[in-house]
Amino acid sequence: MASAAEGDVGTATEPTRVLQWGFQELSLNNLATSLGASEQALRLIISIFLGYPLALFYRHYLFYKDSYLIHLFHTFTGLSIAYFNFGNQMYHSLLCVILQFLILRLMGRTITAVLTTFCFQMAYLLAGYYWTATGNYDIKWTMPHCVLTLKLIGLAVDYFDGGKDQSSLSSEQQKYAIRGIPSLLEVAGFSYFYGAFLVGPQFSMNHYMKLVHRKLTDKPGEIPSSTIPALKRLSLGLIYLVGYVFLSPHIPENYLLTEDYENRRFWFRCMYMLIWGKFVLYKYVTCWLVTEGVCILTGLGFNDFDENGKAKWDACANMKVWLFETTPRFTGTIASFNINTNAWVARYFFKRLKFLGNKELSQGLSLLFLALWHGLHSGYLICFQMEFLIVIVERQAASLIRDSPTLSNLASITVLQPFYYLVQQTIHWLFMGYSMTAFCLFTWDKWFKVYKSIYFLGHVFFLSLLFILPYLHKAIVPRKEKLKKME
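Being a predicted model, the structure only gives us computed values, none of them experimental.

(A) Just the overall build of the protein chain, in detail. A count of helices and strands for the protein chain gives 25 helices and 0 strands. Taken along the three principal axes of its C-alpha coordinates, the protein chain extends 110 × 65 × 45 Å. Within the protein chain, counting contacts between residues at least 6 apart in sequence, those at least 24 apart form 71% of the total. Accessible surface, the protein chain: about 25,000 Å² in total, of which carbon and sulfur atoms supply 66%. In the protein chain, 42 side chains carry a positive charge and 31 a negative one; their mean positions are 9 Å apart.

This is the structure in structure tokens:
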């Protein structure tokens, strides 16, 4: 009898074992492994795409509801996304949001509140980087927290501006200044909005409140006609996602650290860096295009109408794709990439340093802030140092060509334009890849090894031009008096 019972139990439990095995096979970890990605990366992608059904729910069930319900929806969904991705570590963001609300209420519209906010939020972020840092790119709670840090600092500055006399503010500051007193629920909804919590984009509290009050629509008081524009950005994001998934196994960044790469010919090492530097940015482009689609679908992407009366949906655009793909200049790539973050730094940091009286110093400090905001690895500092250097040299070169009649005439020859474009693009993406090497490899032992293998080409090239171009400008460009005589 005992053996029969054991046999019955074994027979009964066999389907259970099969089901358990099946669920294990369907786990996110196994699915991520089969796709050649990490579980955290898969959770991130799922969370980003989850914004679309949430946006549809908002459009159909919450658009005409009271504002407090919309704030609750944004807070609950954002916290749920945070828990899905980071578990109990979601408390980091919740703690900073609550403390930021208390800073605003207790310190009011004072410079003390602004400085306290900046120091506390940046210190918390940098401490998070310090305690969680590894030598690789890991998706941790600090990833969305860096987005949140800028949001909360911007909130404090706008709240401070709201207490000033309007005539003392610039037109831009007047646009973003917060006149009312935000509630905790409003601050939480603004911070956890599901379409931007993980990877951005940045937007102001005033812009968010317009969404909640149904002002961000091309049809006043009605659900915005934004489905088609949202699907266009989603489709574009999917194209970049597919391209990245198919190309990533063939152009890995770890290959830069291998002996095989080091033993290749110099021209091959440079070309690999050029191609990899272009391709590695596609993962960022994908995320920003997909989240932009979510923002457009909710109405947050509404940016008034153009001169022809057509609605613009680029208020949350983090990418100018056509410019990104076609520009032959570094400044063009900077203008097309991570637009809202760059706009935030310009609005709340660069322009606030006007009292220094030195534009290049303000720009350098802004890039230093951006480097620290990204993380504590030396690679970030090297990347933004290269950006600063390249932009200065590019401006010098443009000035030289513009001011020299000979070079201007040479540059305007139509038949040579394709050749010029090819040369510019080659230089552009080679040294963009050079800069991204430090950004993506993080630690000095890794990026130093790669830079050494190509003889620090980027630093040598641009530092040489930095000193040579001013002398060329004096030698080639005639003085104004001579130029007038020539005319």
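From this point on, the discussion continues.
(B) Representation of the environment of A156 within the structure. Position of A156 relative to the elements: it lies in helix 8 (residues 142-161). Residue A156 is classed as buried on the basis of its relative accessible area, which comes to 3%. Once the C-alpha coordinates of A156 and L367 are considered, the two residues, 211 residues apart in sequence, prove to be 21 Å apart. Once residues within four sequence positions are removed from consideration, A156 is found in contact with Q100, L104, V114 and T117.

(C) Structural context of the state of the cysteines. Counted according to the given criterion, the structure contains 0 disulfides. You can see C119 has no disulfide; the closest cysteine sulfur is in C96, sitting 14 Å from it. C383 takes part in no disulfide bond, and the closest cysteine sulfur, belonging to C440, lies 8.1 Å away.

(D) Here's a closer look at the nonpolar core. Counting 129 residues, the largest nonpolar core has Y194, L198, W276 and F324 as the members making the most contacts within it. Top element by residues in this core is helix 8. It accounts for 12 residues. Each residue touching W276, except ones within four places of it in the same chain, is listed here: I251, P252, E253, L256, G433, M436, T437 and C440.

(E) A look at the pattern of salt bridges. Within the structure shown, the criterion is met by 9 salt bridges. For E325, the salt bridge is made with K278, and the minimal N-O distance between the two is 2.9 Å. Here K278 lies in helix 14 (residues 266-279) and E325 lies in helix 16 (residues 321-326), a separation of 47 residues in the sequence. Looking at K278, the relative accessible area reads 16%, which means it is buried.

(F) Examining the environment of H374 more closely. Structurally, H374 is set in helix 19 (residues 359-374). Note on H374: relative accessible area 21%, which makes it partly exposed. It is 9.6 Å that separates the C-alpha atoms of H374 and T142, two residues lying 232 residues apart in sequence. Aside from chain neighbours lying at most four places away, what touches H374 is Y129, Y380, F384 and F439.

(G) Structural view of the side chain of S435. Residue placement: S435 occurs in helix 22 (residues 417-441). Relative accessible area serves as the criterion here: at 5%, S435 is assigned to the buried category. Not counting residues within four places of it along the chain, the set of residues in contact with S435 comprises C383, M386, I390 and Y451.

(H) Representation of the packing of helix 3 (residues 39-49) against helix 4 (residues 51-62) in the model. Here helix 3 crosses helix 4 at 25°, and the two axes come no closer than 4 Å. It follows from the interaxial angle that helix 3 and helix 4 lie roughly parallel. Within the contact between the two elements, helix 3 uses S47, I48 and F49 and helix 4 uses G51, Y52 and P53.

(I) Just helix 23 (residues 444-453), in detail. Along helix 23, the residues classified as buried are K446, W447, V450, Y451 and S453. One side of helix 23 carries all its buried residues, which in axial view fall inside an arc of 160°. Exposed residues on helix 23 whose side chains face more than 90 degrees from its buried face are W444 and K452. With its phi angle positive at about 60°, Y455 sits one or two positions after the end of helix 23.

(J) Representation of the environment of L465 in the model. Counting through the fold element by element, L465 comes out in helix 24 (residues 457-476). Since its relative accessible area comes to 23%, L465 is described here as partly exposed. Along the backbone, L465 and L389 are 76 residues apart, and their C-alpha atoms lie at a distance of 10.0 Å. In this structure L465 touches V393, Q396 and P470, once residues within four positions along its chain are discounted.

(K) Broad picture of the UniProt feature "transmembrane region" (unreviewed entry) in the protein chain. The positions that UniProt labels "transmembrane region" (unreviewed entry) are, in the present scheme, residues 41-61, 68-84, 114-132, 192-209, 230-247, 281-302, 426-444 and 456-477. Helix and strand shares over residues 192-209 are 33% and 0% respectively, and the end C-alpha atoms of the span are 13 Å apart. Structurally, residues 456-477 comprises 91% helix and 0% strand, and the distance from its first C-alpha atom to its last is 31 Å.

(L) How the structure looks around the packing of aromatic side chains. Inspection of every chain in the model, using the stated rule, returns 48 aromatic pairs. Ring pairs connect the aromatic residues F330, F431, Y434, W444, W447, F448, Y451, F456, F461 and F462, which therefore count as one cluster. Lying over the aromatic face of F268, R264 brings its terminal NZ or CZ to 4.5 Å of the ring centre.

The rules we used
Residues numbered from 1 in each chain as written. Predicted model: local features only at pLDDT ≥ 70, side-chain atom pairs only at ≥ 80, totals over all residues. Heavy atoms only, no water. Helix = DSSP H or I, 4+ residues; strand = E, 2+ residues; numbered from the N terminus. Contact = heavy atoms within 4.5 Å. Areas by Shrake-Rupley, 256 points an atom, 1.4 Å probe, with all protein chains shown as cover. Lys, Arg positive; Asp, Glu negative; His and termini not counted. Charge placed at Lys NZ, Arg CZ, Asp CG, Glu CD. Buried < 20%, exposed > 50% of the residue type's maximum accessible area, 1.4 Å probe, protein only. Disulfide = S-S within 2.5 Å. Core = buried A, V, L, I, M, F, W, Y, C linked by side-chain atoms within 4.5 Å. Salt bridge = Lys/Arg side-chain N within 4 Å of Asp/Glu carboxyl O. Axes fitted to C-alpha atoms, helices over the stretch in contact; angles between N-to-C directions. Parallel < 35°, antiparallel > 145°, perpendicular 65-115°, else oblique. Arc of directions from axis to C-beta. UniProt positions renumbered as here; feature names shortened; annotations may be inferred. Phe/Tyr/Trp six-rings, centres within 6.5 Å; stacked < 30°, edge-to-face > 60°. Lys NZ or Arg CZ within 6 Å of the ring centre and 35° of its normal.

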